[in-house]
Amino acid sequence: MADKKPLYKEFTKGLIKENPVLRLVLGTCPTLATTTSLESAIGMGLSAALVLVCSNIVISLLRKVIPQKVRIPCYIVVIAGFVTIVQMLVKAFLPALDEQLGVYLPLIVVNCIILGRAEAFAGKNGVVASALDGLGMGVGFTAALILMGGVRELLGSGTLLGFQILPASVSPMTIFILAPGGFFVFGLLMACANRLAEHKGKPKATLGCAGCPLAETCTQAQKVSCESKGKEEKK
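Here goes a summary of the coordinates provided. As the structure is a prediction and not an experimental result, all values here were calculated from the model. (Residues numbered from 1 in each chain as written. Predicted model: local features only at pLDDT ≥ 70, side-chain atom pairs only at ≥ 80, totals over all residues. Heavy atoms only, no water.)

## Some details on empty space enclosed by the protein
Then, number 1: Considering all chains together, one arrives at one cavity of 30 Å³ or more under this definition.
Then, number 2: Its boundaries defined by the atoms lining it, the largest cavity holds a volume of some 30 Å³.
Then, number 3: Surrounding the largest cavity, Ala48, Ala49, Leu52, Asn111, Ile113, Ile114, Gly138 and Phe141 form its lining.
Then, number 4: A per-element tally of the lining of the largest cavity places helix 3 (residues 38–61) first, with three residues.
Then, number 5: Of the residues belonging to the lining of the largest cavity, the class tally is six nonpolar, two polar and no charged. (1 Å grid on protein atoms, 1.4 Å probe; cavity = no way out; pocket = protein on both sides within 12 Å on 5 of 7 lines; lining within 4 Å. Points joined across faces, edges and corners; volume = space filled by probe spheres on them. Helix = DSSP H or I, 4+ residues; strand = E, 2+ residues; numbered from the N terminus. Nonpolar A, V, L, I, M, F, W, Y, C, P; charged D, E, K, R; others polar.)

## Here's the deal with the packing of helix 3 against helix 6 (residues 112–122)
Then, number 1: At their nearest, the axes of helix 3 and helix 6 sit 10 Å apart, and the two run at 30° to each other. The angle between helix 3 and helix 6 places the two elements in the roughly parallel class. Relative to helix 6, the crossing made by helix 3 is right-handed. In this structure, helix 3 uses Ala48, Val51, Leu52, Ser55, Asn56, Ile59 and Ser60 to contact helix 6, whose residues at the interface are Ile113, Ile114, Arg117, Ala118 and Ala122.
Then, number 2: In terms of residue class, the contact of helix 3 with helix 6 is built from eight nonpolar, three polar and one charged. (Axes fitted to C-alpha atoms, helices over the stretch in contact; angles between N-to-C directions. Parallel < 35°, antiparallel > 145°, perpendicular 65-115°, else oblique. Left-handed = near helix turned anticlockwise from the far one by under 90°. Contact = heavy atoms within 4.5 Å.)

## Some thoughts on the side chain of Ser60
Then, number 1: Turning to its location among the elements, Ser60 is positioned in helix 3.
Then, number 2: Engagement of the side chain of Ser60 in a polar contact is seen with the backbone oxygen of Asn125, the distance being 2.7 Å.
Then, number 3: In this view, Ser60 contacts Ala122, Asn125, Gly126, Val127 and Ser130; residues no more than four positions away in its chain are not counted. (Polar contact = N/O pair within 3.5 Å; in protein donor to acceptor, adjacent residues only side chain to side chain.)

## Brief notes about helix 8 (residues 179–199)
Every α-helix winds through 3.6 residues per turn, so residues three or four apart in the chain are directed the same way.
Then, number 1: Across its 21 residues, helix 8 extends 31 Å between first and last C-alpha, which sits within 8% of the 30 Å expected from 1.5 Å per residue.
Then, number 2: Every buried residue of helix 8 is accounted for by Gly181, Gly182, Val185, Phe186, Leu189, Met190, Ala193, Asn194 and Ala197. (Expected span 1.5 Å × (residues − 1). Buried < 20%, exposed > 50% of the residue type's maximum accessible area, 1.4 Å probe, protein only.)

## A word on the pattern of salt bridges
Then, number 1: Under the counting rule described, the total for this entry stands at five salt bridges.
Then, number 2: A salt bridge links Glu10 to Lys13; the nearest nitrogen and oxygen atoms lie 2.9 Å apart. The burial state of Glu10 is the same as that of Lys13; both residues are buried.
Then, number 3: We note a salt bridge from Arg117 to Asp133, for which the minimum N-O separation is 2.7 Å. With a gap of 16 residues between them, Arg117 in helix 6 and Asp133 in helix 7 (residues 127–157) connect regions that are remote in the sequence.
Then, number 4: The buried category is assigned to Arg117, whose relative accessible area is 5%.
Then, number 5: Several salt bridges converge on common partners, so that one network encompasses Glu10, Lys13, Arg117 and Asp133. (Salt bridge = Lys/Arg side-chain N within 4 Å of Asp/Glu carboxyl O.)

## Description of helix 6
Then, number 1: Among the residues of helix 6, those classed as buried are Ile113, Ile114, Arg117, Ala118, Phe121 and Ala122. Buried residues along helix 6 cover an arc of 135° about the axis, so they all sit on one side.
Then, number 2: Against the buried residues of helix 6 lie helix 1 (7–12), helix 3, helix 4 (71–93) and helix 7.
Then, number 3: The opening residue of helix 6 is Asn111, an N-cap whose side-chain oxygen sits 2.9 Å from the backbone nitrogen of Ile113. (Arc of directions from axis to C-beta.)

## A few points about unusual backbone geometry
Then, number 1: One non-glycine residue with positive phi stands out, namely Val25, at about 55°.
Then, number 2: Even without a glycine there, the phi angle at Leu161 is positive, about 55°.
Then, number 3: Its place among the elements puts Leu161 in the loop between strand 1 (159–160) and strand 2 (163–164).
Then, number 4: Taking relative accessible area as the criterion, Leu161 reaches 45% and is therefore assigned partly exposed.

## Notes on the packing of aromatic side chains
Then, number 1: Considering all chains together, one arrives at one aromatic pair under this definition.
Then, number 2: For the pair Phe176 and Phe184, a centre-to-centre distance of 6.1 Å together with 65° between the ring planes defines the contact as edge-to-face.
Then, number 3: Among the residues examined, Phe184 registers a relative accessible area of 48% and is labelled partly exposed. (Phe/Tyr/Trp six-rings, centres within 6.5 Å; stacked < 30°, edge-to-face > 60°.)

## Comments concerning the environment of Leu189
Then, number 1: Along the chain, the position of Leu189 falls in helix 8.
Then, number 2: Linking Leu189 and Val21, residues 168 residues apart in sequence, is a C-alpha distance of 9.7 Å.
Then, number 3: Sequence-distant contacts of Leu189, defined by excluding residues within four places in its chain, comprise Leu22, Ala144, Leu147 and Met148.

Without other data, these values stay purely geometric and don't point to any function.
Here it is in structure tokens:
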């Protein structure tokens with residue numbers, strides 16, 4: 001069971017401290033693929049956030065019923081159900097957005113942010129805390145996508161949400177709507193997030209368990225730590 005925290009902290013942690021994209025470096029595939037425009041970035045962010053909140057609530061409600069050995073398949077079934085609902089709604093009311101997101105909309109089922117929150121938080125905490133955790137992570141994910149999508153569309157096409165922003169005399173830098181531009185903007189935003197985290201005394205987002213903000217509560221990190229201690233004792 002996770003340590004008790006004020007409920008507002010369950011929401012705010014996903015904004016900067018444990019931002020799933022810029023701090024935990026999760027969900028990078030849809031982040032890079034769907035941020036070529038601000039519209040698709042908003043659509044992907046809101047879709048994932050809705051699935052995240054709903055799946056967290058249901059998984060939290062069922063946490064004492066789901067057998068431990070089959071919890072991951074059960075989580076995926078719950079997530080897939082909500083993804084199907086969201087996909088059907090988008091197809092019915094926003095067909096243009098559905099075409100823009102393409103395969104990445106149904107792939108929310110295997111988004112590691114959503115499954116990770118189900119395993120790390122919703123399966124161990126109450127409904128209200130899980131709902132706030134999902135909402136905070138969803139808002140953090142959406143905000144990261146909006147920042148990336150806005151920068152890439154503005155610099156790469158000279159527009160925002162289809163409206164011309166840069167003067168016609170200014171040639172857009174089309175590299176920003178291509179993969180290299182996506183990685184460049186992603187790296188800059190991660191650097192900014194790390195800088196903000198440093199001011200608050202948090203470690204940088206780095207590869208491996210040591211740089212992860214969730215290392216203290218992650219069972220995998222604890223396993224790696226125990227294995228390291230065992231090897232040292234043998235020596």
